[in-house]
Amino acid sequence: CAGTQILLDMQSTGGTLLNQYTWLTPSGGSLNDSTLITPAQTGYYYAVALDICLQIVVVDSIYLNVFPSPNITTNPANLCSGANSAIGDPNGNTNLNWVWTPATNLNNANIPNPLFIGLNPGPGSLQYTYYVTVDSAGVVCAGDSVLVILNPNPVPDVTPDSIEVCFPSNVTLDAGAGYAGYQWSNGATTQTQDVTTSGWFMATVTDANNCQGRDSA
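Keep in mind the model is a prediction, meaning the values are calculated, not measured.

Let's hear about the environment of Q191: which residues, and what values?
If you trace the backbone, Q191 turns up in the loop between strand 14 (181-184) and strand 15 (192-195). With relative accessibility at 28%, the residue Q191 sits in the partly exposed group. Each residue touching Q191, except ones within four places of it in the same chain, is listed here: L173, D174, A175, G176, A177, Y182 and W184. Within the local environment of Q191, its side chain forms a polar contact with the side chain of D174, the two groups lying 2.9 Å apart.

How would you summarise the state of the cysteines if you had to cite specific residues and measurements?
According to the stated counting rule, one finds one disulfide in the structure shown. The disulfide partner of C80 is C211, and the gap between their sulfur atoms is 2.1 Å. Disulfide C80 to C211: torsion about the S-S bond roughly -95°, handedness left-handed. On the criterion of sequence distance, the pair formed by C80 in strand 7 (residues 77-80) and C211 in the loop between strand 16 (202-206) and strand 17 (212-216) is long-range, its members being 131 residues apart.

Just give me the short version of the sheet that holds strand 14, but keep the residues and values in it.
Here three strands make up an open sheet; going across it, the order is 14-16-17 and the pairing antiparallel. Both outer strands of the open sheet, strand 14 and strand 17, are each paired with one neighbouring strand and no more. Here the strands of the sheet are splayed against their neighbours by 20° on average, with no regard to which way each runs. The pairing of strand 16 with strand 17 spans five bridges and is classified as antiparallel. From the neighbouring strand, V205 faces strand 17, where its bridge partner is G213.

Describe the nonpolar core, naming the residues involved and giving the relevant values.
Counting 20 residues, the largest nonpolar core has I87, W98, W100, F116, Y130 and V148 as the members making the most contacts within it. Here this core takes five residues from strand 12 (residues 139-151), the largest share from any one element. Beyond its immediate sequence surroundings of up to four residues, W100 is in contact with T74, I87, G88, L106, A109, I111, P112, P114, Y130, Y131, V132 and V146. V171, W184, A203 and V205 belong to the second largest nonpolar core, which has 12 residues in total.

Tell me about the side chain of S81, and name the residues and values.
With respect to the helices, strands and loops of the structure, S81 is situated in the loop between strand 7 and strand 8 (84-86). S81 sits in the buried class, given a relative accessible area of 15%. What S81 contacts, discounting residues up to four positions off in sequence, is G118, L119, N120, L150, N151, P152 and N153.

Help me get a handle on the environment of D144, residues and values and all.
For D144, the position within the fold is in strand 12. Taking the C-alpha atoms as reference, D144 lies 26 Å from T42; in sequence the two are 102 residues apart. Here T74 takes part through its side chain, which lies 3.5 Å from a polar atom of the side chain of D144.

Outline unusual backbone geometry, listing residues and values.
Across the junction of T101 and P102, the peptide omega takes the value -10°, indicating a cis bond. Note the cis peptide between G122 and P123, where omega equals 10°. The phi angle at N105 is positive, at roughly 70°, despite the residue not being glycine. Along the chain, N105 turns up in the loop between strand 9 (97-101) and strand 10 (115-117). Unlike most non-glycine residues, N210 shows phi in positive territory, near 65°. Secondary-structure assignment places N210 in the loop between strand 16 and strand 17.

So, the pairing of strand 9: which residues are in play, and what are the values?
The side chains of a regular strand alternate, residue by residue, between the two faces of the sheet. Burial of the side chains of strand 9 is restricted to one face: W98 and W100 are buried, whereas none of N97, V99 and T101 on the reverse face is. Across five bridges, the pairing between strand 9 and strand 11 (residues 126-136) is antiparallel. Its bridge partner being in strand 11, W98 is matched across the sheet by V134.

Analysis parameters
Residues numbered from 1 in each chain as written. Predicted model: local features only at pLDDT ≥ 70, side-chain atom pairs only at ≥ 80, totals over all residues. Heavy atoms only, no water. Helix = DSSP H or I, 4+ residues; strand = E, 2+ residues; numbered from the N terminus. Buried < 20%, exposed > 50% of the residue type's maximum accessible area, 1.4 Å probe, protein only. Contact = heavy atoms within 4.5 Å. Polar contact = N/O pair within 3.5 Å; in protein donor to acceptor, adjacent residues only side chain to side chain. Disulfide = S-S within 2.5 Å. Pairing = 2+ DSSP bridges. Axes fitted to C-alpha atoms, helices over the stretch in contact; angles between N-to-C directions. Core = buried A, V, L, I, M, F, W, Y, C linked by side-chain atoms within 4.5 Å.

The following block contains the structure:
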């Protein structure tokens, strides 16, 4: 990863080389042997020396593939039970090693942008904090964390569950108080409604977290 330090150190025994090793860089520069570098360019680094004929000899080489240090973008999530959301970096470099911990409720803990899927039966919200590290060949390039809040879905109780009345009487169905929104199967949008026809009536309620629950009578 960019910013990682590497020691260029050539070691050999025997031979007829006349001087110490020199390293040639991809940009055309040179470095003394046993130099600690912070490479910024991908390419070959060649270890060279002079032989007894005063000729430059390439003794060995190393190829360094320098990945830019990732700018991790995580996506905090405020979800309802049963919903899912990608919490990582959609543009993350897949050539690097991604490790998410813990792996609980993630579809894959070793990709840049895992999917969180969870259930919460309630009554309160659950919080999950995930940590991600990104490394190349064991060298950690970057890290971040993300918070996921998992809210339970509301559980309305439409009352009465079942009742018989004589026409032209009506019955008042009640989906319960305290919800942010109501949607009945017949189009009504209030907590209660007066019903004069037979049939099933379903109420969908929405709470303050924008989570939904249903019940019918």
